[in-house]
Amino acid sequence: ADAGHAHAGDTGPARRESYGTKAPYAPGQTHGYQRPPAGFEPVFTENVSRHGSRSATGSEDGDLVLTLWDEAEAEHQLTRDGEGFGPAVRDLQAAMAEVGYGNLSGRGRREMRDTALRLERRMPSLFATIADEGERIDVVSSGQGRAVDSAAEYADALADADPALKPLIGPARTDRDLLYFHKEAAGAAYRDYLAHDQRLRDTLRAVTDQPRTHEAARDVLRRIFTAAFVDRIDDQVGAARAVYNLYATAPAMSEESPDGKGWGMERYVSRSAADRFGYLSDAEEFYRKGPGFADSDITYRMADVLLDDFFRQAEAKRDGTSDLGAELRFTHAEEIIPLAALMRLPGSTRPADPDRPYRYADNPWRGADVSPLGANIQWDLFRKGDRYLVRMLYNEKETAFKAGCRPVAKNSAFYDLDELERCFGRG
Ligand SMILES: O=P(O)(O)O[C@H]1[C@H](OP(=O)(O)O)[C@@H](OP(=O)(O)O)[C@H](O)[C@@H](O)[C@H]1OP(=O)(O)O
């Protein structure tokens, strides 16, 4: 078998951004948070989280790749490196079938538990007050398995950290209109856009069908198969994307890998090929779920139901009509990505000019930053007298609200709730 070929300079660790929205969770900050202004105490916290790391949502990619590999093996058309690829994919597929396609993985469970512990440790006085006052902690999810399981892990971790909280954590509710709106009535126009928008189809095709994509595809396939075998593959881009998808989803399955040391998929996808297919994956998410085209809000206006819930919960606490100490929501990329675009969170500030397709060079949107697995947006509410301030964390990083919203002082992370009502146009 020939050795296949690798581009010079392609060695070295894979870039996190090449995993796109399949990137496992990493907190953007773990210390150095600003202290609230003098006299302000935390009285409420609310967040919305994508579920944690999961297995692939289906077996298609592994099945396609193994069919090709079995054929090549039978005809002695594998490279030396390619000989190990089939068994590795078979093991990964078996692990994903074991976890259940689309289900939370071991890493995902740990991400949820660790994030819950950091929440509690950032504001111990809030959770002490919740316990002392017997305030409720409301837990709600999309109702999909991975979101339900994420909610359970998160809530259990909170209760383990502080047993006094356990009786205060409600049974996880389901609210599809709030946390699965892309599949509900509110998402009808959005689904129509996905299914029928010609500009979307043309733009994604133009972005994908470039020489660099075909080169990257051949680069991936030649690491596994001989040149003669690759020449016989009609849809080389499709086949290479299936290999890339396995590469992208493998880290989320790291705890199920042999000795937890990973699945070694980086061996079959060079950095340049991973960057190319990662960009294509990001372009799809950007136009199908994110800021999209500058002249349309079809991908994110349906997220207003979620932003409205953030405001209503904070306002109810301020107005004394809420007995909640915390509101914990668990959902999917199709809710987090639009909400980030609606709120103009960092990275989601630039929709694309319809005539200049989304490119990494001039657009900050990256799936691995905007919506990695476990991504979360959090508002903490602080009170002093009858004044209420909000601090936002995005993947646990202290984050400014969009331009036009004024913090209580220059470079402060804290905003008056009524200032946010003003700058988000809430009457
Ligand atoms: O490419 P897959 O099938 O993994 O895409 C998933 C979505 O994952 P994402 O592509 O956004 O990383 C998945 O979102 P999740 O937050 O639940 O992981 C979504 O539920 C699933 O329907 C697939 O989305 P698609 O855009 O319909 O392919």
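So, how was this worked out
- Residues numbered from 1 in each chain as written.
- Predicted model: local features only at pLDDT ≥ 70, side-chain atom pairs only at ≥ 80, totals over all residues.
- Heavy atoms only, no water.
- Disulfide = S-S within 2.5 Å.
- Helix = DSSP H or I, 4+ residues; strand = E, 2+ residues; numbered from the N terminus.
- Salt bridge = Lys/Arg side-chain N within 4 Å of Asp/Glu carboxyl O.
- Buried < 20%, exposed > 50% of the residue type's maximum accessible area, 1.4 Å probe, protein only.
- Phe/Tyr/Trp six-rings, centres within 6.5 Å; stacked < 30°, edge-to-face > 60°.
- Lys NZ or Arg CZ within 6 Å of the ring centre and 35° of its normal.
- Pairing = 2+ DSSP bridges.

Participant: Just to check I follow, could you spell out the state of the cysteines for this structure?
Facilitator: Formally, a disulfide is one covalent bond, and it connects the sulfur atom of one cysteine to the sulfur atom of another. Within the structure shown, the criterion is met by one disulfide. Bridging Cys405 to Cys423, the disulfide has an S-S length of 2.0 Å. Between Cys405 and Cys423, the disulfide has an S-S torsion of 100° and is therefore right-handed. Remark: Cys423 occurs in helix α16 (residues 417-423) and Cys405 occurs in the loop between β7 (397-398) and β8 (414-416); sequence separation between them is 18 residues.

Participant: Quick question: what am I supposed to make of the pattern of salt bridges here?
Facilitator: Scanning the entire structure with this criterion turns up 41 salt bridges. Of the charged contacts in the structure, one is a salt bridge between Glu334 and Lys289, with a shortest N-O distance of 3.2 Å. Of this pair, Glu334 sits in helix α14 (residues 333-342) while Lys289 sits in helix α12 (residues 271-289), placing them 45 residues apart in sequence. Asp309 serves as the salt-bridge partner of Arg329, at 2.9 Å between the closest nitrogen and oxygen. Of this pair, Arg329 sits in strand β4 (residues 324-331) while Asp309 is found in helix α13 (residues 304-319), placing the two residues 20 residues apart along the sequence. Overall, the relative accessible area of 6% leaves Asp309 in the buried class. A network of salt bridges, in which partner residues are shared, links Glu46, Asp308, Asp309, Arg312, Glu315, Arg329 and Arg426.

Participant: Where do I start with the packing of aromatic side chains in this structure?
Facilitator: One pair of aromatic rings is described through two measures. These are the centre distance and the angle between the planes. Counted according to the given criterion, the structure contains 21 aromatic pairs. Centroid distance Tyr279 to Tyr358: 5.8 Å. Interplanar angle 10°. Geometry classified as stacked. A residue pair is termed long-range when its members are at least 10 positions apart, and Tyr279 in helix α12 and Tyr358 in the loop between α14 and α15 (367-370) qualify at 79 residues. A relative accessible area of 10% places Tyr279 in the buried class. One aromatic cluster is present, built from ring pairs that chain together Tyr279, Phe286, Tyr287, Phe293, Tyr358, Tyr360 and Trp365. The side chain of Arg329 reaches across the aromatic face of Phe310, ending 4.2 Å from its centre. A cation over a ring is seen here: Arg366 above Tyr360, with NZ or CZ 3.8 Å from the ring centre.

Participant: Is there a simple way to think about the pairing of strand β1 (residues 41-50) in this case?
Facilitator: Working note: regular strand, side chains alternate between the two faces of the sheet. Of all the ten residues making up β1, nine are buried; the element is thus mostly covered by neighbouring parts of the structure. Bridge count for β1 against strand β5 (residues 376-384) is eight bridges, and the pairing is antiparallel. Among the inter-strand pairings, Phe44 is bridged to a residue of β5, identified as Leu381. Pairing geometry for β1 and β4, over six bridges, is parallel. The residue of β4 that forms the bridge with Ser49 is Phe330.

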